[in-house]
Amino acid sequence: MAKPAERTPVDPPAARPAPNQGQAGGIAATVKRAQDAVAELSADYQNWALADLTKAEQALSEARANPAAAQPALQRLYGVAHDMKGQGGSFGFPLVTHVAQSLCRLLVGPGGSARHVELPAEEATFGLVEVHLKALRLILEKSVRGEGGEVGQKLVAKLQAMAGGG
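The structure contained in this document is the topic of the report that follows. (Residues numbered from 1 in each chain as written. Predicted model: local features only at pLDDT ≥ 70, side-chain atom pairs only at ≥ 80, totals over all residues. Heavy atoms only, no water.)

**Thoughts on the overall build of the protein chain**
Argument step 1. Summing up its helical and strand segments, the protein chain has five helices and zero strands in all.
Argument step 2. Of all 166 residues assigned to the protein chain, the portion counted as buried reaches 33%.
Argument step 3. For the protein chain, the accessible surface area stands at approximately 10,100 Å², while carbon and sulfur atoms represent 58% of it. (Helix = DSSP H or I, 4+ residues; strand = E, 2+ residues; numbered from the N terminus. Buried < 20%, exposed > 50% of the residue type's maximum accessible area, 1.4 Å probe, protein only. Areas by Shrake-Rupley, 256 points an atom, 1.4 Å probe, with all protein chains shown as cover.)

Quick look at the structure:
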């Protein structure tokens, strides 16, 4: 029979230090440091998002060059789009998030999932992917922060409609 694992005793709540006790500046200082870190990352976001976008464009080129073997390239493209979807809003570019989300929906298709892209490897669908990538490049290069106003909302609605998600 196996010997029971030893457990480290836990201090009762009364013996634990109060929140903020022993911390330099407490919760407010921790929140401030986190906000400063996000601001610092935000300054570089456009550069690394554009680098990621270049990887996505290269993946699309590979898929177009060999449609019969396009799925690995499209899967990489999906990975980039998925990352951009998650990062855009965090760094002040929610329009990037919306466009990347539309691209993700397009890539997985109605029967696909994040693990298996179901986009038909044909020029018409590659063209739809390209439109999304061009929109992302424009947003990032022109530093369109926020929702992009009425024009941004119309762009997202049109892309979502093209992707079959709107």
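**Regarding helix α5 (residues 149–163)**
Argument step 1. The end-to-end C-alpha separation of α5 is 21 Å, in line with the 21 Å expected for 15 residues at 1.5 Å each.
Argument step 2. Every buried residue of α5 is accounted for by G152, V156, L159, Q160 and A163. In an axial view of α5, the angular spread of the buried residues amounts to 100°, which keeps them on one side of the axis. In α5, those exposed residues whose orientation departs by more than 90 degrees from the buried face are E150, V151, K154 and K158.
Argument step 3. Against α3 (94–108) and α4 (123–141) lie the buried residues of α5.
Argument step 4. Residue G164 follows α5 closely and has a positive phi angle near 85°. (Expected span 1.5 Å × (residues − 1). Arc of directions from axis to C-beta. Contact = heavy atoms within 4.5 Å.)

**Here's the deal with the side chain of D52**
Argument step 1. Relative to the assigned elements, D52 resides in helix α1 (residues 26–65).
Argument step 2. Beyond its immediate chain neighbours, meaning those up to four positions away, D52 contacts V80 and Q87.

**What to know about the pattern of salt bridges**
Argument step 1. In the structure shown here, the tally under the stated rule is eight salt bridges.
Argument step 2. Of the charged contacts in the structure, one is a salt bridge between R76 and E62, with a shortest N-O distance of 2.5 Å. With R76 in helix α2 (residues 71–88) and E62 in helix α1, this pair connects stretches of sequence that are 14 residues apart.
Argument step 3. Classification of R76 as partly exposed rests on a relative accessible area of 42%. (Salt bridge = Lys/Arg side-chain N within 4 Å of Asp/Glu carboxyl O.)

**Observations regarding the environment of G89**
Argument step 1. Its place among the elements puts G89 in the loop between α2 and α3.
Argument step 2. For G89, a relative accessible area of 42% corresponds to the partly exposed category.
Argument step 3. A C-alpha to C-alpha distance of 9.2 Å links G89 and R145, two positions 56 residues apart in sequence.
Argument step 4. For G89, the residues in contact, after removing those within four places along its chain, are P94 and T97.

**With respect to the nonpolar core**
Argument step 1. One finds L77, L103, L107, V129, L133 and L140 to be the most contacted residues of the largest nonpolar core, which totals 39 residues.
Argument step 2. Secondary structure elements with two or more residues in this core: α1, α2, α3, α4 and α5.
Argument step 3. No other element matches α3, which puts nine residues into this core.
Argument step 4. Setting aside residues no more than four positions away along its own chain, L77 makes contact with A56, A59, L60, L103, L107, V129 and L133. (Core = buried A, V, L, I, M, F, W, Y, C linked by side-chain atoms within 4.5 Å.)

**Overview of the packing of α2 against α3**
Argument step 1. Where α2 contacts α3, the axes come no closer than 7 Å and their chain directions differ by 150°. In terms of orientation, α2 lies roughly antiparallel with respect to α3. α3 is crossed by α2, and the crossing has left-handed handedness. For the pair α2 and α3, contact is made by L74, L77, Y78, A81, H82, M84, K85 and G88 and by P94, V96, T97, A100, Q101, L103, C104, L107 and V108, respectively. (Axes fitted to C-alpha atoms, helices over the stretch in contact; angles between N-to-C directions. Parallel < 35°, antiparallel > 145°, perpendicular 65-115°, else oblique. Left-handed = near helix turned anticlockwise from the far one by under 90°.)

**Details of the environment of G149**
Argument step 1. Residue position: G149 is located in helix α5.
Argument step 2. Between the alpha carbons of G149 and L95 there is a distance of 9.7 Å; along the sequence they are 54 residues apart.

Nothing here speaks to function; it is geometry throughout.
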